[in-house]
Structures are given as C-alpha cells and as structure tokens.
Amino acid sequence: MFLRDLALTNYRNYGSLSLSFDERINLIVGNNAQGKTNLLESIYVLALAKSHRTAKDKELVSWRGDYAVIRGLVERRYGSTRLEIQLTNKGKKAKVNGLEQRKLSEYIGALNVVMFAPEDLAIVKGAPAQRRRFLDMEIGQVSPAYLYHLSNYNKVLAQRNQLLKDIAVKKGQSSEILLIWNTQLAKLTVKLLKKRFEFIRKLESWARDIHAGITDGKETLSLHYINSSPVTDEMEPHTAIEQILAALEQLFEREKLRGSTLIGPHRDDFSLQINGIDVQAYGSQGQQRTTALSLKLAEIELIKEEVGEYPILLLDDVLSELDENRQTLLLETIQDKVQTFVSTTGVEGLKHQVLQHAARFEVQEGKVRMEG
Ligand code: ATP
Ligand code: MG
C-alpha cells in the first residue's frame, strides 16, 4: 500500500499544505524546527488517529487555528481509500471515503504504518508502560477486535478501581458487584493476552532472523512476555478465567488497600534478550539500537503477513544515525516494496545509491517545496 496524496490544514506549523508522494522513497529535508517531524507525525495520525509523540490531540492543532484536518489518499491492491482526520476542541472525527466512523477501531487499519524515530529506543530502554503502548498500538493496527476489547478493558478497570476505593471507605458498595467486575476483567484479560502472546511469538520469529542478519549470526534475539496474571499461552480460556478469578480473590485485601487492580494486561511487560542476556540492563548502546531496528523491521514483515500488503515506513531522523552497513541492510529490506518517508537535516550522511532516485522535499517554516 502507499500514500499517494496528503493535505494538511492548520496542522502544527502547517497552515495549508498539499503534496503528492513517490511510491518508493520520499526524502524530507530541512533544518531543525522546520516541520519534518510534524509532517511524518501527520501521516502517523492519519493512520492511527493518534500521535506517536503526544496523547494530547490539542497540541496537533496549529496555534493559529482552532481545528486541524489531515486528508490522505491511500492506494491498496484492491483500490483507493480517502481518509480524513478532523481535530477540533470538541474531539476528533475520523472518516473513510467521506463517511464518519463512529468507532476508531473501525477506522484504524485502512492505512498501516511503521514509524521508527529516536524515541523508539524507549521500547528497548524505557519503562514497561512504553512497551505496553508499543504492544497496544501495533496489535491494534492489525486487529480492530483487539482495540475494541482494550477499550472495554480500560473502562472495566477504571470502574473496578473506583469500586475498590469505595469498598475501602465502606461507601455502601457490596463486594458482590466486585465479583461481576472480576468476571468481566478476567474475560477481557484472556482475550487481550491471547493476542499479545501471538504477537510476541510472531514478532520474535521475524526479529530473530533480522537481528541475526544484522549481526552476522553472532546475536540471537529473543522476546519474553512478562505476565502479571497466572495465564499461559496453552491454557483453555475457561481455565484461564478461573485462574484469574482465583488470583483476584487472593489479592482482594491488598487491592482494597491500594485501591487498584494488581494483575492484568495493564501491569504486564516484555523483555528482550540477546544470547539469553537482558538487553535493557546489559546491552551496549549499539546493541540496544540494533534491537530497536530489528523490532521495527520485524513489524514491517508482520504487518505484511497479517494484512497481505506492506505498510508504509516513516523514518524520522534515524537513517543518518545508522552506520553504512545498517543503512544498507535497512534500505535493502524495504527496496521496491515499502513506501518510505525519510526525514533528515542533510543528505550528506545518506550515501546509499537507492536514495539518489528518491523524491525530495525541502521543508522550511511549515512550507514544503518539491525538488527536481
Ligand atoms: P528537528 O530537525 O529539530 O527534529 P523538525 O523539522 O522535525 O526539527 P518539528 O518537530 O516538525 O521540527 O517542529 C517544527 C516546529 O513546529 C517547532 O519548532 C514548533 O515550534 C512548531 N509547532 C509544534 N506544534 C505546533 C503547533 N501546534 N502550532 C504551531 N506550531 C507548532
Ligand atoms: Mg524532527
């Protein structure tokens, strides 16, 4: 799939912008603070209805306006789709071919993207919450059902936590209601974990090969799901639900004291190991970066496997940071199959010959000029 056109209105530092892209590589060149990341971010938001940088949609709207619009034309094997995201102070609207989608889970998936930005090192080095966000965003874009269950899970979780607090101060709430929430929580946990286990398994099998390729077979990368609930991949759903309910019963006093739910997907994590050793704790800078790169390249293949077409790739400020071998490997992986947007402050660091034929866009103060 690829993004043919993009039009922005009042998005970040862009007033009004309309561009057509190359089906292969698009270079976005400009000095610092001109709008390169904003441009890539707008494509990410068009795909996922959410920014990779901020949870506050308000920040995406230009300071000079009170609403923002992103429009794009996506070409896929079986036809083209017009996508539109509108951001106003009343909330956001997502449209497919002009029709508003009531649930974001019905919108997401029309355009698949993989973004690789400096912040992605946090998937390897950062806190568990950052890895959970990675899991949720990535599974979500290939599985609308996952997004739907996740949104229900978060609602149940919030209600259950409130109830635990109410029980603690004896606000007349009965523990019977808690049992209802427990069952809901357990059922949704099982649904979410099934998808997460499967995702980690598939991502690992791709990432392992890619990582071995980058490191000349010296390093074996593995992924391990860290589970707060007593559920395994092999368990039947009804057994898993029973196990969770039993664990919640045991945890009741502690949860009441804390006023929060202590097990479930919102407390889980995954670890990355090279030759059996934890990358987060012991990996060198270079190993951590390579691991992040392997994960991103693995995601491209995983999306291809799941949806039947390659996603588009957004590389924000990362290509010139890679050494020549890794640049070559990355460019060979994507060559002729993945539409790619590469932002950079200068083309000097980008030597590979495939980049000579790339479309080139110069960004300056929220204006974009196509070169050549
Ligand atoms: P760098 O090379 O440093 O990464 P960049 O070209 O990627 O720079 P962007 O992150 O795209 O730069 O940001 C460009 C500018 O956009 C910022 O300097 C900021 O002032 C401006 N900006 C960010 N949000 C808004 C907004 N909501 N309204 C108007 N301008 C904004
Ligand atoms: Mg930037």
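Computed from a predicted structure; not experimentally measured.

(A) Summary view of the overall build of the protein. The number of helices and strands found in the protein is ten helices and 15 strands. Expected size for 372 residues packed as a compact globule is a radius of gyration near 21 Å; at 22 Å, the protein falls within 12% of this value. The proportion of buried residues among the 372 residues of the protein is 53%. Total accessible area on the protein stands at roughly 18,000 Å², and carbon and sulfur atoms take up 48% of it.

(B) Structural view of the sheet that holds strand β15 (residues 367–371). Read across the sheet, six strands follow the order β8-β12-β13-β3-β14-β15 without closing on themselves; strand pairing throughout is mixed. The sheet terminates laterally at β8 (113–116) and β15, the two strands that pair on one side only. Across this sheet, the average inter-strand angle for adjacent strands is 20°, counted without regard to direction. When strand β3 (residues 25–29) meets strand β13 (residues 340–344), the two strands line up parallel, connected through five bridges. Across the sheet, residue Asn 26 finds its bridge partner in β13, namely Phe 341. Strand contacts of helix α9 (residues 285–307): β8 and β12 (312–316), with the helix running at about 175° to β8, the strand carrying the most contacts.

(C) Spotlight on the site of ligand 1. Around ligand 1 there are 17 residues in total, and Asn 32, Ala 33, Lys 36, Thr 37 and Val 61 lie nearest to it. Within the backbone of Ala 33, an N or O atom sits 2.7 Å from an oxygen atom of ligand 1. Protein chains bury 78% of the 660 Å² of accessible surface belonging to ligand 1 in isolation. Grouping the amino acids of the shell around ligand 1 by side-chain chemistry returns three nonpolar, nine polar and five charged.

(D) Structural context of the sheet that holds strand β10 (residues 269–274). Pairing is antiparallel in the open sheet, where three strands are placed in the order β9-β10-β11. Single-partner strands in this sheet number two, and they are β9 (221–226) and β11 (277–278). Bridge count for β9 against β10 is six bridges, and the pairing is antiparallel. When the bridges of β10 are listed, Tyr 225 appears paired with Phe 270.

(E) Focus on the packing of aromatic side chains. Taken as a whole and judged by the stated rule, the model has five aromatic pairs. Here Phe 21 and Phe 341 contribute two aromatic rings whose centre-to-centre distance is 4.8 Å and whose plane-to-plane angle is 90°, an arrangement assigned as edge-to-face. Of this pair, Phe 21 sits in the loop between β2 (14–20) and β3 while Phe 341 is found in strand β13, placing the two residues 320 residues apart along the sequence. When sorted by exposure, Phe 21 lands in the same class as Phe 341, which is buried.

(F) Geometry of the pattern of salt bridges. The final tally for this structure, using the stated rule, is 22 salt bridges. Taking the shortest distance from any N to any O, the salt bridge between Glu 362 and Arg 360 comes out at 3.6 Å. A network of salt bridges, in which partner residues are shared, links Arg 12, Glu 41 and Arg 53.

(G) Seen up close, the packing of helix α6 (residues 175–214) against α9. At a closest axis distance of 8 Å, the pairing of α6 and α9 adopts a crossing angle of 125°. Judged by the angle between their axes, α6 and α9 are oblique. The handedness of the crossing between α6 and α9 is right-handed. Contacts between α6 and α9 involve Phe 199, Lys 202, Leu 203, Trp 206, Ala 207, Ile 210, His 211 and Ile 214 on the former and, on the latter, Thr 290, Thr 291, Leu 293, Ser 294, Leu 295, Leu 297, Ala 298, Glu 299, Glu 301, Leu 302, Glu 305 and Glu 306. The residue inventory of the contact of α6 with α9, partitioned by class, reads eleven nonpolar, four polar and five charged.

(H) A look at the layout of surface pockets. By volume, the largest pocket is sized at about 560 Å³. Mapped onto the lining of the largest pocket, the elements with two or more residues apiece are α2 (104–107), α4 (128–142) and α5 (144–168). If one sorts the elements of the lining of the largest pocket by residue count, α5 sits on top with eight residues. Across the lining of the largest pocket, the residue classes break down as eleven nonpolar, seven polar and eight charged. Looking at the second largest pocket, its volume works out to about 310 Å³.

(I) The nonpolar core, seen in detail. With 75 residues, the main nonpolar core has Leu 319 and Leu 330 as its most contacted residues. Tallying contributions element by element places α6 first for this core, with 15 residues. Ignoring any residue separated from it by four or fewer positions in sequence, one finds Leu 330 in contact with Leu 293, Leu 297, Leu 313, Leu 315, Leu 319 and Leu 322. Counting 45 residues, the second-largest nonpolar core is a separate cluster that includes Leu 17, Leu 40, Val 61 and Val 96.

(J) Layout of α5. Taking 1.5 Å per residue, 25 residues should reach 36 Å; α5 reaches 36 Å between its end C-alpha atoms and fits that length. Just downstream of α5 lies Lys 170, where phi reads positive at about 50°.

(K) Summary view of the side chain of Glu 299. By the secondary structure assignment, Glu 299 is in helix α9. Judged by relative accessible area, which is 2%, Glu 299 ranks as buried.

(L) Inspection of the environment of Leu 297 at higher detail. Note that Leu 297 resides in helix α9. Residues Leu 297 and Ile 334, 37 residues apart in the sequence, show an inter-C-alpha distance of 8.8 Å.

(M) Representation of the environment of Ser 260 in the model. Assignment of secondary structure puts Ser 260 in the loop between α7 (237–258) and β10. Spatially, the C-alpha atoms of Ser 260 and Leu 163 are 9.2 Å apart, while their sequence positions differ by 97 residues. If sequence neighbours within four positions are ignored, Ser 260 has contacts with Asn 161, Leu 164 and Glu 255.

Calculation notes
- Residues numbered from 1 in each chain as written.
- Chains lettered and ligands numbered in written order.
- Predicted model: local features only at pLDDT ≥ 70, side-chain atom pairs only at ≥ 80, totals over all residues.
- Heavy atoms only, no water.
- Helix = DSSP H or I, 4+ residues; strand = E, 2+ residues; numbered from the N terminus.
- Rg over C-alpha atoms; globule rule 2.2 N^0.38 Å.
- Buried < 20%, exposed > 50% of the residue type's maximum accessible area, 1.4 Å probe, protein only.
- Areas by Shrake-Rupley, 256 points an atom, 1.4 Å probe, with all protein chains shown as cover.
- Pairing = 2+ DSSP bridges.
- Axes fitted to C-alpha atoms, helices over the stretch in contact; angles between N-to-C directions.
- Contact = heavy atoms within 4.5 Å.
- Near = heavy atom within 4 Å.
- Polar contact = N/O pair within 3.5 Å; in protein donor to acceptor, adjacent residues only side chain to side chain.
- Nonpolar A, V, L, I, M, F, W, Y, C, P; charged D, E, K, R; others polar.
- Phe/Tyr/Trp six-rings, centres within 6.5 Å; stacked < 30°, edge-to-face > 60°.
- Salt bridge = Lys/Arg side-chain N within 4 Å of Asp/Glu carboxyl O.
- Parallel < 35°, antiparallel > 145°, perpendicular 65-115°, else oblique.
- Left-handed = near helix turned anticlockwise from the far one by under 90°.
- 1 Å grid on protein atoms, 1.4 Å probe; cavity = no way out; pocket = protein on both sides within 12 Å on 5 of 7 lines; lining within 4 Å.
- Points joined across faces, edges and corners; volume = space filled by probe spheres on them.
- Core = buried A, V, L, I, M, F, W, Y, C linked by side-chain atoms within 4.5 Å.
- Expected span 1.5 Å × (residues − 1).

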